[in-house]
Amino acid sequence: MAPRDVPAPPPGARELTALFAPLRFAVRQEESGLARLAGLGGTIRGAVDLARSAGASPAPALDRLAAAGAALDGLPGGKRLAALCRIAADLGTLVPLPEDLEMLARRGRIPEPGAAKTTAAMPGAPRPTTAPRPRAAPPPPPVPGNDRAGRAERRRRLATPLEAVPGTHPAPRALLEERGRSTVEAALEFLPRAWQDRTTLRKVADLRIGEPGIAVVTVRTVRTQRMRNGRPLLKVGTADGQSRLDLVFFNPPPWRQRQFVVDEQVLVSGTLTEGFGGVRQLAQPDVEKLGEGDSANFGRIVPIYPGPADHQHPALRKLMRRLVTDYAPLCVEEVPESIRERQHLLGRSEAIAQVHFPSPGTDLVRAEGRASEPFRRLAFEELFFLQLALALRRRGVRREAGIAFDVSPAARKAARARIPFTFTGAQERVFAEIAEDMGREEPMHRLLQGDVGSGKTAVAFAAAMLAVRSGWQAAIMAPTEILAEQHGRTLGRWLAGSGVGLAVVGARSRGKGQKEAREALRTGSAGIAVGTHALLEE
């Protein structure tokens, strides 16, 4: 039972305090982030509608809040911070603000003509408590610079084991460690599989069966009962002033029942179902008390990670939110700025943060298809460095000594002479390009691509004959022994009477024939070898 000397909050006050978390999130965005922020206006209008439905007294500040919410999403990014300051100022005339939002409200207060300066709260609203605030976690150290020493320090801090991060709860930490994510950097790269939009509050009456939704409700009853199988079931009766909503928890742990206090307001999120007697209910919903600061589970688009059970996600999100806030700015930017600008890519830090906790208004269909801008940045980075590694490897190979084969017009004509048809224009073109490479004193790296029946084998045979005519051996490798044998029969017919020996080598082949084929290769009497990966073995 609440103490008698603490006045009950006025109608609508608790609905308005639900705006604290989304306002905090909004003002933390950089100017570029504010330009992309969307959906907050709808959240503000929804809170005003709920406050009015709960019986809030008419007030000019309520009207201004509704109007500001209607206009906010259409404002350019440069004007949104000023609008948020004015929204905080109007909110402060209706409910007591926490210290951080009060500072924001001071920037937005503009005295009305003839009106006395006042910051009085809604009549009957509870004053801010004088109880000591929970000790806030110390702010993270400054982000090091981008010079060599700064990048090394960033990498060192990103390599911090999760168990060494102060204040991390062992349960969500274990969820990451079980999946091989034992460092901060590995945890940041544990990407969500899906997301839920929890930016807009709705009335219980507006929730639809089978669809996810978020609402502010007041706890009315808390009771435990037994299911038919004897296991416990916790049923929490709630309402939003107009409609009833039951929260159902199957086989709840002991702490779950202690989570609910009669007459206390909570934010709930889940998929609406119809329970016994047609009562609307949420089974295993996410629950969070109002006024707990910047929430990782409400007032934003929240991530859903692969693996953990539904009831494990709230704690995991809180941990991931902290890691994103404190450590994502440390991400080392490896893609050059000129390339990022040319490709219109986000920075790595912003991409990591947006993947985990997207800005309001993000297209979740594109995000789940890995087609959003943050995913495009991360995918580009992966492919960029793959291509860079291949280019560096190719550059290193080109510096090695190679063989300059005879690719004169006469040699090319002789190489094609054994093929029983005339090259097409495309075949002639690619053969000329290969021959040009073979004439240089450096190794050749080339991919020949074509449909089935387009003549790739004939072009490869002509290239092999260039090597043979220059006094070297050549190998043609096939993916299977069946295909290698087919190539062997075809090339055997083409080489008949040419004086060029052919050896077919297979990994599974045994007997006298294979011994003779390998001996022919060893002595050089076979100029061309056809086979599988056995050609690469001793």
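Above this text is the structure in question.
About the thresholds
Residues numbered from 1 in each chain as written. Predicted model: local features only at pLDDT ≥ 70, side-chain atom pairs only at ≥ 80, totals over all residues. Heavy atoms only, no water. Helix = DSSP H or I, 4+ residues; strand = E, 2+ residues; numbered from the N terminus. Buried < 20%, exposed > 50% of the residue type's maximum accessible area, 1.4 Å probe, protein only. Contact = heavy atoms within 4.5 Å. Areas by Shrake-Rupley, 256 points an atom, 1.4 Å probe, with all protein chains shown as cover. Expected span 1.5 Å × (residues − 1). Arc of directions from axis to C-beta. Phe/Tyr/Trp six-rings, centres within 6.5 Å; stacked < 30°, edge-to-face > 60°. Pairing = 2+ DSSP bridges. Axes fitted to C-alpha atoms, helices over the stretch in contact; angles between N-to-C directions. Parallel < 35°, antiparallel > 145°, perpendicular 65-115°, else oblique. Left-handed = near helix turned anticlockwise from the far one by under 90°.

Peer 1: Can you help me understand the overall build of the protein in this one?
Peer 2: For the protein, the helix and strand inventory stands at 21 helices and 11 strands. By the burial criterion, 43% of the 538 residues in the protein qualify as buried. Put simply, 68% of the contacts in the protein that link residues at least 6 apart link residues at least 24 apart. As presented, the protein carries roughly 29,400 Å² of accessible surface, and 53% of it is formed by carbon and sulfur atoms.

Peer 1: Help me understand helix H5 (residues 60-72) in this model?
Peer 2: It helps to recall that an α-helix has 3.6 residues per turn; residues three or four apart then point in one direction. Between its terminal C-alpha atoms H5 stretches 18 Å, which fits the 18 Å expected from 13 residues at 1.5 Å a residue. Listed as buried for H5 are Ala 61, Leu 62, Leu 65, Ala 66, Gly 69 and Leu 72. An end-on view of H5 places all buried positions within 140° of arc, on one side of the element. For H5, the exposed residues lying more than 90 degrees away from the buried face are Pro 60 and Ala 70.

Peer 1: Sorry if this is basic, but what is going on with unusual backbone geometry here?
Peer 2: With glycine set apart, most residues show a phi of negative sign, and most peptide bonds adopt trans. One non-glycine residue, Asn 251, adopts positive backbone phi at about 50°. Judged by its relative accessible area of 43%, Asn 251 falls in the partly exposed class. Of note in the backbone geometry, Arg 370 takes a positive phi value of approximately 55° without being a glycine. Its location among the elements puts Arg 370 in the loop between helix H15 (364-368) and helix H16 (373-398). Accessibility expressed as a relative area gives 37% for Arg 370, which makes it partly exposed.

Peer 1: When you look at the packing of aromatic side chains in this model, what are you seeing that I'm missing?
Peer 2: Applying the stated criterion across every chain yields a total of 8 aromatic pairs. Taken together, a centroid distance of 5.5 Å and an interplanar angle of 15° make the contact between Phe 190 and Tyr 305 stacked. Of this pair, Phe 190 sits in the loop between helix H10 (184-188) and strand S1 (194-197) while Tyr 305 sits in the loop between strand S8 (301-304) and helix H12 (313-327), and the two are 115 residues apart along the sequence. For Tyr 305, a relative accessible area of 0% translates into the label buried.

Peer 1: What is the right way to look at the sheet that holds strand S9 (residues 474-477) in this model?
Peer 2: Strands in a sheet are paired, the pairing made by backbone hydrogen bonds, and the direction either parallel or antiparallel. The strand order across the open sheet formed by 3 strands is S9-S11-S10, and the pairing between neighbours is parallel. Each of the sheet's edge strands pairs with one partner strand only, and the pair in question is S9 and strand S10 (501-505). Between one strand and the next, the sheet's axes are offset by a mean angle of 20°, whatever the strand orientation. Where S9 and strand S11 (residues 526-531) come together, 4 bridges link them in parallel fashion.

Peer 1: Just checking my understanding: could you explain the packing of helix H17 (residues 409-416) against helix H19 (residues 456-469) for this structure?
Peer 2: The geometry of a pair of packed helices is captured by two quantities: the angle between their axes and the separation between those axes. Close contact between H17 and H19 brings their axes to 8 Å; oriented N to C, the two are set at 120°. What the angle tells us is that H17 and H19 run oblique. When you trace H17 past H19, the crossing you get is right-handed. Counted together, Ala 411, Arg 412, Ala 414, Ala 415 and Arg 416 of H17 and Phe 461, Ala 462, Met 465, Leu 466 and Arg 469 of H19 form the full contact between these two elements.

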